[in-house]
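# Structure assessment
So you can see what is in the structure, the chains are spelled out below.
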Amino acid sequence: MTFYPGPSKVYPQVAQFMQDAFAEGMLSINHRSSECMEITCGAIDGLHQKLNIPSDYHVYFVSSATEVWEIIAQSLTRQKSLHYYNGAFGEKWADYAEKLVSIIERIPFDINKLPDLQNITNFNDVVCITQNETSNGTQIKDLKPLRKTFPEAIIAIDATSSLGGIALDFKDGDVWFASVQKCLGLPAGMAIMICSPKAIERAEQINDRKFYNSLLFIHENFQKFQTHYTPNVLCIYLINRIMLNISHISIISENTKQRAKKWYDFLEHKGMKCLVQNPEIRSDTVITIQGTEEEINEIKALTKSHGITVGNGYGSWKNTTLRIANFPAIENIEIEALIKLLR
Ligand SMILES: *Cc1c(COP(=O)(O)O)cnc(C)c1O
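Please read these numbers as outputs of a predicted model, since none were measured by experiment.

### Points about the overall build of the chain
Scanning the chain for helices and strands turns up eleven helices and 13 strands. Taking 20 Å as the expected radius of gyration for a compact globule of 343 residues, we find that the chain reaches 20 Å, a close match to that expectation. Per-residue burial for the chain yields a buried fraction of 57% across its 343 residues. In the chain, 72% of the contacts between residues at least 6 apart in sequence involve partners at least 24 apart. Put simply, the chain shows about 14,900 Å² of open surface, and 50% of that area lies on carbon and sulfur atoms.

Now the structure itself:
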């Protein structure tokens, strides 16, 4: 039983779907074949429908969320990107961008506060923000203020540990992305990148074509439901099948939020400390418990002896926190078992 926040538990249906993929010969198809174009088209349709992605937003498959950080720096940034972050993933994104972009500005913020959007006006390049910071279990519920502050900018949102788990308002951003091994409940090795028409317009203005993964090159291939490289066909197949199988995100989201509330209520009742004090900023999909090193080690030893994996702390909170994924592939009986043990 695993509550690791990535790679995380895959949907149980994946077992059968993988067998089907093999039996149907999907694992050996050519990536330029009509069969492959069909499953790519189906997977994209399924994502649009089940995740409620606006019909004019484009969906691409790339290798990882890390790759999307690079694509944004290469193909969507003219001169400068702003990086709002309060944790390790947002910071890492800034580190990657720094190697490729002329100027980056880092705007760190406190884990118990929302980012301060004042003091910057007329910025029209790229704004980067992590919707759900997997390293510390914080989230930014409302991204509208960002769009309001930067109406001309491209707003890029890392939703790796929330996309597929909670409903997101895609119109609040221009680039959204997530690798599949977190909230989407699939085996690692692929990521989904979602772009608004404005993002594609910006890519056309910049006209970067220097890299194998330049956005325009990706975009042109996807117009034919093809990829710019030989893709993870099995994962595309699995997305196709899973999207037909799961509930609409409005239902999943409701369930995720109810379960998160149950977790936070339990922790409070039990007198266990959350790393994030401000309830408005606590993540619905990654619950982070804080304690002394001894307390954390004790919980880890206890869960391990019962065959349950919980997530280690991350970055500067490595030894004094542990993280529990609240992803849709995790079943209620599993949560009950962990809660019973912790109780
Ligand atoms: C896991 C994670 C990433 C990195 O994903 P990869 O698939 O390893 O590239 C990036 N951002 C966030 C918020 C994550 O949780």
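### With respect to the pattern of salt bridges
Enumeration over the complete set of coordinates arrives at 13 salt bridges. Two residues, lysine 144 and aspartate 169, come together in a salt bridge whose shortest N-O distance is 3.0 Å. Of this pair, lysine 144 sits in helix α5 (residues 144–149) while aspartate 169 sits in the loop between β7 (154–158) and β8 (175–179); the two residues are 25 residues apart in sequence, bridging distant segments of the chain. A cluster of three or more residues bridged by salt bridges with shared partners is formed by Lys9, Glu331 and Glu334.

### Here we look at the state of the cysteines
Applying the stated rule across the entire model yields zero disulfides. Cysteine 235 takes part in no disulfide bond, and the closest cysteine sulfur, belonging to cysteine 36, lies 12 Å away. A residue is classified by how much of its surface remains accessible, and cysteine 235, at 2% relative accessible area, is buried.

### Quick look at the site of the ligand
Around the ligand sit 13 residues, and of these Thr66, Thr134, Asp158, Ser179 and Lys182 come closest. Within the contact set of the ligand, an oxygen atom lies 2.4 Å away from a side-chain nitrogen or oxygen of threonine 134. Here a nitrogen atom of the ligand and a side-chain polar atom of aspartate 158 are 2.7 Å apart. Here the ligand loses 86% of its free accessible area of 390 Å² to cover by the protein chains. If one sorts the elements of the shell around the ligand by residue count, helix α3 (residues 65–75) sits on top with three residues. Taken together, the residues that form the shell around the ligand break down as three nonpolar, eight polar and two charged.

### Some thoughts on helix α11 (residues 332–342)
Those residues of α11 not exposed but buried are Glu334, Ile335, Leu338, Ile339, Leu341 and Leu342. What you see down the axis of α11 is that its buried residues fit within an arc of 160°, all on one side. In α11, those exposed residues whose orientation departs by more than 90 degrees from the buried face are Ile333 and Lys340. Where α11 is buried, its residues touch α9 (249–270), α10 (293–305) and β13 (321–325).

### Looking at the sheet that holds β7
The strand order across the open sheet formed by seven strands is β1-β9-β8-β7-β4-β2-β3, and the pairing between neighbours is mixed. Each having just a single partner strand, β1 (58–62) and β3 (103–108) make up the two edges of the open sheet. On average, each strand axis in the sheet is inclined to that of its neighbour by 20°, with strand direction left out of account. With four bridges connecting them, strand β2 (residues 80–85) and strand β4 (residues 126–130) associate as parallel partners.

### Looking at the domain arrangement of the chain
One can read the domain layout of the chain as domain 1 (14–245) and domain 2 (249–342). Of note, the centres of domain 1 and domain 2, computed from C-alpha atoms alone, are 26 Å apart. If you look at the interface, domain 1 gives 28 residues, while domain 2 gives 25 residues. Of all residues in domain 1, the largest losses of buried area upon contact with domain 2 belong to Asn112, Gln139 and Ile166, amounting jointly to 22% of the total for that side. Counting across the interface, domain 1 meets domain 2 through one salt bridge. When the shortest N-O distance is used, the salt bridge between glutamate 280 and lysine 141 registers 4.0 Å.

Here is what the cut-offs are and how they apply
- Residues numbered from 1 in each chain as written.
- Predicted model: local features only at pLDDT ≥ 70, side-chain atom pairs only at ≥ 80, totals over all residues.
- Heavy atoms only, no water.
- Helix = DSSP H or I, 4+ residues; strand = E, 2+ residues; numbered from the N terminus.
- Rg over C-alpha atoms; globule rule 2.2 N^0.38 Å.
- Buried < 20%, exposed > 50% of the residue type's maximum accessible area, 1.4 Å probe, protein only.
- Contact = heavy atoms within 4.5 Å.
- Areas by Shrake-Rupley, 256 points an atom, 1.4 Å probe, with all protein chains shown as cover.
- Salt bridge = Lys/Arg side-chain N within 4 Å of Asp/Glu carboxyl O.
- Disulfide = S-S within 2.5 Å.
- Near = heavy atom within 4 Å.
- Polar contact = N/O pair within 3.5 Å; in protein donor to acceptor, adjacent residues only side chain to side chain.
- Nonpolar A, V, L, I, M, F, W, Y, C, P; charged D, E, K, R; others polar.
- Arc of directions from axis to C-beta.
- Pairing = 2+ DSSP bridges.
- Axes fitted to C-alpha atoms, helices over the stretch in contact; angles between N-to-C directions.
- Domains from an automatic or database assignment.
- Buried area = accessible area lost by both parts, 1.4 Å probe.

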